[in-house]
Amino acid sequence: MSSTTTTIVEHVVLFKVKDSTDPTSSDAMISRLTALISLPSVSHLSAAPILRSRSPSAAGFTHILHSRYPSKPALADYSAHPDHLSVVRESVLPIVDDIMAVDWVADLPPAVAALPPGSAVRVTFVKPKEGGDDEIVRVLGGIDVSGRPIEQVSFGRNFSPGRAKGFTVAFMSVFRGAEEMDAVEGMAEVEAVKERVRPLIDDLIIVDFVVPAAPASL
């Protein structure tokens, strides 16, 4: 980590809400998850419906939670907190068919932990072919966002394999809004990165979401 970056622990959870779920129940899940931003260990937390699933393996996932922490122990404190456990037990597990979660450590510029409402985020989970992890991470580390519509990128190796379904590398790109996110489609630099990593990948999960405004009560 250089003097111009700070360590952030990223935590992303994908939820597959049952088709039979009443919308009020899924809304309550999002509301209760969002309220966990009040826990002292949390630097940022947003929960929202998925805007777009952009890969076959992402099909079926309906909602996402993205949160950030200053350290792995802070993430552990959040995971074990009674309020978090209550939300999972009462508002998540009764209405979901599937959950997956990926955690990684990223070096980001200081003071960017909290993403502004309206930010558009693309999350990519990678299941590399054997031996492909190092090269994929190296390529991601060489991405230059200067002069691009990308506000920040975050990437790293998953350190919590239990619920990651074999996906071992994560990449997140943050944009000012959905229009800026759509503008990168087809850009030569983006396509060049895809061409470099495509032979190294066994499977991908790609989803987009928009950071919602915080409820007034928060």
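An unreviewed UniProt entry lists the protein chain under the name Stress-response A/B barrel domain-containing protein, with Acorus calamus as the source organism. Turning to the protein chain, the UniProt record has this under Subunit (unreviewed entry): "Homodimer."

Novice: Now, about helix α3 (residues 82-92): what can you tell me, with residues and values included?
Specialist: All of the buried residues along α3 are H84, S86, V87, S91 and V92. All buried residues of α3 fall inside an arc of 160° around its axis, so they share one side. Projecting away from the buried face of α3 at angles above 90 degrees are the exposed residues P82 and R89. If you follow the buried residues of α3, they end up packed against β1 (6-17), α1 (23-34), α2 (72-80) and β5 (96-108).

Novice: Explain the UniProt feature "domain: Stress-response A/B barrel" (unreviewed entry) in the protein chain to me, and be specific about the residues and the numbers.
Specialist: Those residues carrying the UniProt feature "domain: Stress-response A/B barrel" (unreviewed entry) are residues 9-104 and 120-209 in this numbering. Annotated as 33% helix and 34% strand, the span residues 9-104 places its first and last C-alpha atoms 6 Å apart.

Novice: Tell me about the packing of helix α4 (residues 133-141) against helix α6 (residues 188-197), and name the residues and values.
Specialist: At their nearest, the axes of α4 and α6 sit 10 Å apart, and the two run at 170° to each other. Taken together, the axis directions place α4 and α6 in an arrangement best described as roughly antiparallel. Crossing handedness for the pair α4 and α6: right-handed. Contact residues: E135, R138 and V139 in α4; V193, R196 and V197 in α6. Residue classes in the contact of α4 with α6 are distributed as three nonpolar, no polar and three charged.

Novice: Please set out the sheet that holds strand β2 (residues 44-49) residue by residue, giving values where relevant.
Specialist: Overall, antiparallel pairing links the four strands, which are arranged β2-β4-β1-β5 in an open sheet. Pairing within the sheet leaves two strands with one partner each, and these edge strands are β2 and β5. The sheet shows a mean angle of 10° between the axes of neighbouring strands, taken without regard to direction. As defined by bridge partners, β1 adjoins strand β4 (residues 63-69) across seven bridges and the pair is classed as antiparallel. The partner of V13 across the bridge, within β4, is L65.

The rules we used
Residues numbered from 1 in each chain as written. Predicted model: local features only at pLDDT ≥ 70, side-chain atom pairs only at ≥ 80, totals over all residues. Heavy atoms only, no water. UniProt positions renumbered as here; feature names shortened; annotations may be inferred. Buried < 20%, exposed > 50% of the residue type's maximum accessible area, 1.4 Å probe, protein only. Helix = DSSP H or I, 4+ residues; strand = E, 2+ residues; numbered from the N terminus. Arc of directions from axis to C-beta. Contact = heavy atoms within 4.5 Å. Axes fitted to C-alpha atoms, helices over the stretch in contact; angles between N-to-C directions. Parallel < 35°, antiparallel > 145°, perpendicular 65-115°, else oblique. Left-handed = near helix turned anticlockwise from the far one by under 90°. Nonpolar A, V, L, I, M, F, W, Y, C, P; charged D, E, K, R; others polar. Pairing = 2+ DSSP bridges.

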